[in-house]
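# Reading the structure
Now for the letters of each chain:
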Amino acid sequence: MSGLIGKKIGMTSVYNADGQALACTVIETGPCVVTQVRSIEKDGYTAVQLGYGEKKEKHSNKPEMGHFKKAGTTPKRKLVEFKEFEKELNLGETLSVADVFAEADFVDVVGTAKGRGFQGVVKRHGFGGVGGQTHGQHNRGRHPGSIGACSFPSRVFKGLRMAGRMGGNRVKVQNLRVLRVLPEQNLLVVSGSIPGAKNSYVIIEK
């Protein structure tokens, strides 16, 4: 599984050959530096750790500074491991967007969804509410309704969908087509939407 780390820039639209406007997301992808190479002899598995995004030295502790100095690079803000990378990589090597992705590829994007705060059952789970049958009650329209029976089982079953915190979780969107690769600007344009706010870090997997 090859991939890179990136930052969500925002959404726009592009036209395909048939003149259709396609909604797409622009991601600043790389350049990423190989900060560690895992091996079966030393670590028990093979993987490549990539670093992305500059960070000031005063915001890095001494173990981190030693880690980056060994790779011969400056401190990085985001570190991610990729298992079973397609090609052999060496410590300190730099990867750009054109080294991994090409147009018409299909990719998976992992990000942290926007936090929505405490939400009710209509927004959180898609409940329909009670519709128009409120029988005169003014505060019943978006309520969850019954949450269980009475004397039996005398409890609420676990996992019942209720109001609560929504968003802020890790989300993967699969099979997004790569529409454009712009290596000069380190930009990747993929079809559709991806999770997260603008300027949030995402992982693009191939």
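Residues numbered from 1 in each chain as written. Predicted model: local features only at pLDDT ≥ 70, side-chain atom pairs only at ≥ 80, totals over all residues. Heavy atoms only, no water.

An unreviewed UniProt entry lists the chain under the name Large ribosomal subunit protein uL3, with Spirosoma endophyticum as the source organism. Per UniProt, the chain has the following entry under Function (unreviewed entry): "One of the primary rRNA binding proteins, it binds directly near the 3'-end of the 23S rRNA, where it nucleates assembly of the 50S subunit." (UniProt positions renumbered as here; feature names shortened; annotations may be inferred.)

The secondary structure content of the chain amounts to 4 helices and 12 strands. Against the globule reference of 17 Å for 206 residues, the chain gives a C-alpha radius of gyration of 23 Å, more extended than a compact globule. The principal-axis extents of the C-alpha atoms in the chain amount to approximately 70 × 50 × 35 Å. At a minimum sequence separation of 6, the contacts of the chain that also span at least 24 residues come to 69%. As presented, the chain carries roughly 12800 Å² of accessible surface, and 49% of it is formed by carbon and sulfur atoms. Taking the 31 positively charged and 18 negatively charged side chains of the chain as two groups, their mean positions are separated by 16 Å. (Helix = DSSP H or I, 4+ residues; strand = E, 2+ residues; numbered from the N terminus. Rg over C-alpha atoms; globule rule 2.2 N^0.38 Å. Contact = heavy atoms within 4.5 Å. Areas by Shrake-Rupley, 256 points an atom, 1.4 Å probe, with all protein chains shown as cover. Lys, Arg positive; Asp, Glu negative; His and termini not counted. Charge placed at Lys NZ, Arg CZ, Asp CG, Glu CD.)

Omega for the peptide link from Gly-30 to Pro-31 comes to 0°, which places this bond in the cis form. Assignment of secondary structure puts Pro-31 in the loop between strand 2 (21-29) and strand 3 (32-38). A cis amide bond links Phe-152 to the next residue, Pro-153, at an omega of 10°. Its place among the elements puts Pro-153 in the loop between helix 4 (121-125) and strand 9 (164-167).

Size of an interface: often given as the accessible area lost when the parts come together. Splitting the chain by domain gives domain 1 (3-116 + 169-205) and domain 2 (117-144 + 156-166). Taking the mean C-alpha position of each, domain 1 and domain 2 sit 38 Å from one another. (Domains from an automatic or database assignment.)

Let us look at the packing of aromatic side chains. The final tally for this structure, using the stated rule, is 2 aromatic pairs. When the ring of Tyr-52 is compared with that of Tyr-201, the centres are 6.0 Å apart and the planes differ by 85°; the resulting orientation is edge-to-face. Remark: Tyr-201 occurs in strand 12 (residues 201-205) and Tyr-52 occurs in strand 4 (residues 47-54); sequence separation between them is 149 residues. Seen from their ring centres, Phe-82 and Phe-85 are 6.3 Å apart, and the 85° between their planes marks the pair as edge-to-face. Across the ring face of Tyr-45, the terminal group of Lys-83 is positioned such that the distance to the ring centre comes to 5.1 Å. (Phe/Tyr/Trp six-rings, centres within 6.5 Å; stacked < 30°, edge-to-face > 60°. Lys NZ or Arg CZ within 6 Å of the ring centre and 35° of its normal.)

Counting through the fold element by element, Val-26 comes out in strand 2. By relative accessible area, Val-26 is classed as buried at 14%. Along the primary structure Val-26 and Arg-155 are separated by 129 residues, whereas in three dimensions their C-alpha atoms are 49 Å apart. (Buried < 20%, exposed > 50% of the residue type's maximum accessible area, 1.4 Å probe, protein only.)

Ordered in space as 1-2-11-10-7-12, the 6 strands form a closed barrel in which the pairing is antiparallel. On average, adjacent strands in this sheet sit at an angle of 50° to one another, irrespective of strand direction. Direction of pairing for strand 2 relative to strand 11 (residues 187-191): antiparallel, over a ladder of 5 bridges. Paired with Glu-28 across the two strands is Leu-187, which belongs to strand 11. (Pairing = 2+ DSSP bridges. Axes fitted to C-alpha atoms, helices over the stretch in contact; angles between N-to-C directions.)

Residues Lys-114, Arg-116, Lys-123, Arg-142 and Lys-198 make up a contiguous surface patch of positive charge. Looking at the secondary structure, you find Lys-123 in helix 4. (Patch = residues over 30% accessible without salt bridge, like charges linked within 9 Å, V, L, I, M, F, W, Y side chains within 5 Å. Salt bridge = Lys/Arg side-chain N within 4 Å of Asp/Glu carboxyl O.)

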